[in-house]
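Now for the letters of each chain:
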Amino acid sequence: MSHEDGTRVVRAGQPESDQGAPFLPGPVFAGPFHLKGEVASSDWVYTRYGNPSWARYEAALADLERGEVVLFASGMAAAAALLLTSLRPGSVVAIDRDCYLNVRRLAQSHLEPRGVEVRLAPHDELGRAVEGADLLWLESPSNPKLDVYDVSLLAEAARAAGALTVVDNTTAGPLYQKPLDLGADFVLTSATKHLSGHSDLVLGYVATRGAERAQPLRDWRRDAGAIPGPFEAWLSHRSLATLAVRLERGSANALALAELLAGRDDVIGVRYPGLPGDPGHDVARRQMSGFGTIVVFDLGARERAERFLGAAELVTEASSFGGVQTTAERRLRWRGDEVPEGFIRLSAGCEETADLVADVERALDA
Ligand SMILES: Cc1ncc(COP(=O)(O)O)c(C=O)c1O
């Protein structure tokens, strides 16, 4: 019998029930494993080559992504693996200008000097930028502006141009969007965010279809040593069981906050794909099954944004998103995104909706 994702996450990657055994076996801490004779005689030889705690979590994620999953030490380790296994001197990569700043920096600081042409293009020019490219890299919804792209359309344009498509799915995650089903060749997700969900670790993965696409990434991970720790893999796997309920509450809170913010005339530029008036709403409804926990808005000036962040009791000022606590930051403090001084990215957590809305309202009035 097939079940919804929200049911499958509860047991995903857990072994068959076995009398007296734990539901999810604990992390396997090992450098080397006992290994007598030939290397091929054992699945586990040395943790840089593979570890049972990663394998179990990868199996759980593969079930959700309906593909192969390769787990990495962080989202950026996964991004680096993808870029470096796909591109070589003379290759061309077209990158969404609004994508995560470290991905842009990685491409510009480390690939460009090694002979890769890096084309940064705004959302509406990506279709043109991919002409003659080997790889198209996009995020939807994008971080930080929350623009929504038609993934099927762009993946189709990339395929016609002979390029592979990578979708950074970190803001939506595997429960709310399945880029492989929309035509992407690779999906990158920072599991640091909603997947682990408790702001206590850094982890990432790539999903793809077919062993021949996954193997170069596994080889890269082994050779570059971009490996996840067994404890991080286990902790994030443990959090997976509550992913659907955390997202449900976080998304309901995000919608309530977006409605509050959009209704105020002292807040501008509110973006949340779940708002019927949002420019990305129609496409988001087609390609996402939930709108997520992130809301962005502009308080007009740096001072007001800082006052808001200082006044809110239930909004913790921090970077990142996807945790059980509501967090927010004035994005421009990082320098590197094309957003206004008063631009705030807020990630709604699992607090009671009424408490959170009242707190944000009070902080806006401060
Ligand atoms: C959209 C997006 N992609 C990738 C990353 C990188 O992930 P990590 O911090 O796990 O390396 C981030 C981190 O904030 C992100 O927001």
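Above: the structure in question.
The text that follows walks through the structure, step by step, so that each part is easy to find. (Residues numbered from 1 in each chain as written. Predicted model: local features only at pLDDT ≥ 70, side-chain atom pairs only at ≥ 80, totals over all residues. Heavy atoms only, no water.)

## Remarks on the overall build of the protein chain
If you tally the helices and strands in the protein chain, you get 12 helices and 12 strands. Taken against the 2.2 N^0.38 rule, which gives 21 Å for 366 residues, the C-alpha radius of gyration of the protein chain at 21 Å falls within 12% of a compact globule. When its C-alpha atoms are laid out on the principal axes, the protein chain stretches across 70 × 55 × 40 Å. When burial is assessed residue by residue, the protein chain has 54% of its 366 residues classed as buried. For the protein chain, the exposed area adds up to about 15900 Å²; of that, 51% sits on carbon and sulfur atoms. Counting 38 positive and 51 negative side-chain charges, the protein chain places the centres of these two groups 3 Å from one another. (Helix = DSSP H or I, 4+ residues; strand = E, 2+ residues; numbered from the N terminus. Rg over C-alpha atoms; globule rule 2.2 N^0.38 Å. Buried < 20%, exposed > 50% of the residue type's maximum accessible area, 1.4 Å probe, protein only. Areas by Shrake-Rupley, 256 points an atom, 1.4 Å probe, with all protein chains shown as cover. Lys, Arg positive; Asp, Glu negative; His and termini not counted. Charge placed at Lys NZ, Arg CZ, Asp CG, Glu CD.)

## What about the sheet that holds strand β5 (residues 164-168)?
The strand order across the open sheet formed by seven strands is β1-β7-β6-β5-β4-β2-β3, and the pairing between neighbours is mixed. Edge strands, defined here as strands with exactly one partner in the open sheet, are β1 (68-72) and β3 (117-121). For this sheet, the mean inter-axis angle between neighbouring strands, taken without regard to orientation, is 20 degrees. Two strands pair when backbone bridges link them, and strand β2 (residues 92-96) and β3 are joined in this way by five bridges, in the parallel orientation. Its bridge partner being in β3, alanine 94 is matched across the sheet by arginine 119. (Pairing = 2+ DSSP bridges. Axes fitted to C-alpha atoms, helices over the stretch in contact; angles between N-to-C directions.)

## Quick word on the sheet that holds strand β8 (residues 268-271)
Pairing is mixed in the open sheet, where five strands are placed in the order β8-β9-β12-β11-β10. Looking at strand neighbours, the two that pair on one side only are β8 and β10 (316-317), the edges of this open sheet. Sheet strands in contact with helix α9 (residues 243-262) are β8, β9 (294-298) and β12 (343-347), and its direction is about 15 degrees off that of β9. Most of the contacts of helix α11 (residues 302-311) go to strand β11 (residues 327-330), to which it runs at about 160 degrees, and overall it touches β9, β10, β11 and β12. (Contact = heavy atoms within 4.5 Å.)

## Let's talk about the layout of surface pockets
Computed from the structure, the largest pocket encloses a volume of approximately 420 Å³. In terms of lining, the largest pocket is formed by 25 residues, of which the most central are Met76, Tyr100, Asn102, Ser190 and Lys193. Residue assignment for the lining of the largest pocket shows that the elements contributing at least two residues are α3 (75-86), α4 (101-111) and β6 (186-190). Per-element tally for the lining of the largest pocket: the top contributor is α4, with four residues. (1 Å grid on protein atoms, 1.4 Å probe; cavity = no way out; pocket = protein on both sides within 12 Å on 5 of 7 lines; lining within 4 Å. Points joined across faces, edges and corners; volume = space filled by probe spheres on them.)

## With respect to the pattern of salt bridges
Pairing between side chains of opposite charge can happen when the charged atoms of each approach one another. For the structure on display, the rule yields 31 salt bridges. With a shortest N-O distance of 3.0 Å, arginine 119 and glutamate 117 are connected by a salt bridge. Where aspartate 147 meets arginine 271, a salt bridge forms, and the shortest distance between an N and an O atom there is 2.9 Å. Within this pair, whereas aspartate 147 is found in the loop between β4 (135-139) and α6 (151-160), its partner arginine 271 is found in strand β8, the two being separated by 124 residues in sequence. In this structure, a network of salt bridges that share partners links the residues Arg104, Glu317, Glu329, Arg331, Arg333, Asp337 and Arg345. (Salt bridge = Lys/Arg side-chain N within 4 Å of Asp/Glu carboxyl O.)

## Quick notes on the site of the ligand
Around the ligand there are 14 residues in total, and Met76, Asp168, Ser190, Thr192 and Lys193 lie nearest to it. Between the ligand and glycine 75, the relevant distance is 2.9 Å, taken from an oxygen atom to a main-chain nitrogen or oxygen of the residue. A distance of 2.8 Å separates an oxygen atom of the ligand from a polar atom in the side chain of serine 190. Surface burial for the ligand is 91%, taken as the share of its 390 Å² of free accessible area covered by protein chains. Of the pockets mapped on this structure, the ligand occupies the largest pocket. Taken together, the residues of the shell around the ligand sort by class into five nonpolar, six polar and three charged. (Near = heavy atom within 4 Å. Polar contact = N/O pair within 3.5 Å; in protein donor to acceptor, adjacent residues only side chain to side chain. Sits in = over half its atoms within 2 Å of the grid points. Nonpolar A, V, L, I, M, F, W, Y, C, P; charged D, E, K, R; others polar.)

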